[in-house]
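Architecture at a glance
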Amino acid sequence: PGFYWAGCYADPTEPFFGSDLFQSQDIGVTYNAVQHMESEAVIGRSATALASAKTCYIDYKNTVTVKLVDPDESLDSVSELECLNGANRALVGAELIGFVTATLIGTGTYTLSGLLRGLRNTEDYVSVHVIGDVFVLLDDSTINFLQLPLSGFQTERKYKLVAQGGTVATYVEEDFTVSHPTLRPFPPCDVYGTRNNSNADILVSWKRRTRSLARVFGGTGMPLNDTTEIYNLEVWNTAETILRDTVQIIGATSFNYTAAMQTASSLTPGAAMHIRLYQYSTLIGRSYANVVTV
């Protein structure tokens, strides 16, 4: 449990000597230094709004232009293979992307293209971009992780990033609700429905994803990261009205939605069905939904 953070000086002409992250657990009455930052991150803002796109492939249709705070910083292009293998990761708004090409178009301004979209469980933020989105280049040497206790879930805290030797009281505070997104399970993927022509039942099946690093050909299943494997399935209509409350599935990656269930949900048996599928964590609740039509 915890969160990633990064920072840079607002004035790029100032030499960087490090910063400290201060935390308050008493609504800003007192602050304590909790972590030190040795190197400032490459940070900027988007000058264009990144358009929505599907995930799981390289998006060559859309681009995003970003202007860096420090014009002396630079962004580099990589090959497709290097990008697929983890190079050039960045945060744009709340979406984690990868980019193949960085084209310099002005002082400290780059257009990014060849994009991997919605990485690391940020699929829900692919379509919510605006001009002025924060941009952060993700680099091991400049991105920091602050570990927090699990007991702090949903508590309110305040943070200040203070330049080395600065006075804490003169810096602006940031409100923060501890939500432990690093523990939230990924939504299931590869959701599909198989119809039984004899009775109009629909067998909904899916695959589980995991946050853990694991060998794909290791001979064992993907780590669960929880005590129990639980999924939630809901049925909706196209008007965003729920037709059937949550069905809980334990220890299985399929569910047979019978013709009788479909009728009870005001559906025509065998017709297209709009579902929202979640993996449930006993620690912090649901994943984001995988919204599909089967």
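Preceding this paragraph is the structure being described.
Residues numbered from 1 in each chain as written. Predicted model: local features only at pLDDT ≥ 70, side-chain atom pairs only at ≥ 80, totals over all residues. Heavy atoms only, no water.

**Quick word on the sheet that holds strand E13 (residues 174–177)**
Under the convention used in this document: Each pair of strands is called paired provided DSSP finds at least two bridges between the two strands. Under the DSSP-based scheme used, a helix requires at least four consecutive residues in state H or I and a strand at least two consecutive residues in state E, with every element numbered from the N terminus. Each axis is a line fitted through C-alpha atoms, and for a helix only the stretch in contact is used; angles between axes span 0 to 180 degrees, taken between their N-to-C directions.
Across the sheet, four strands lie side by side as E3-E2-E12-E13; this open sheet has antiparallel pairing. Looking at strand neighbours, the two that pair on one side only are strand E3 (32–37) and E13, the edges of this open sheet. Direction aside, neighbouring strands of the sheet carry axes that sit 30 degrees apart on average. Note that strand E2 (residues 19–24) and E3 share five bridges and pair antiparallel. Bridge assignment links Gln23 to a residue of E3, and that residue is Asn32.

**Some thoughts on the sheet that holds strand E18 (residues 254–257)**
The antiparallel open sheet is built from three strands, whose spatial order is E14-E15-E18. Here the strands that pair on one side only, and so sit at the sheet edges, are strand E14 (189–195) and E18. Along the sheet, successive strands turn relative to each other by an average axial angle of 15 degrees, direction set aside. Bridge count for E14 against strand E15 (residues 202–207) is five bridges, and the pairing is antiparallel.

**Overview of unusual backbone geometry**
Outside of glycine, negative phi angles account for most residues, and trans bonds account for most peptide bonds. Filter applied, for reference: Type-normalised accessible area, obtained with a 1.4 Å probe on protein chains alone, sets the label of each residue: buried when under 20%, exposed when over 50%, and partly exposed for intermediate values.
Despite not being glycine, Gln154 shows a phi value in the positive range, around 70 degrees. Mapped onto the elements of the fold, Gln154 is located in the loop between strand E11 (144–147) and strand E12 (156–163). Taking the relative accessible area as the measure of exposure, Gln154 reaches 47% and is therefore partly exposed. Despite not being glycine, Ser266 has its phi angle at roughly 65 degrees, a positive value. One can find Ser266 in the loop between helix H2 (259–264) and strand E19 (274–281). Given a relative accessible area of 63%, Ser266 falls into the exposed group.

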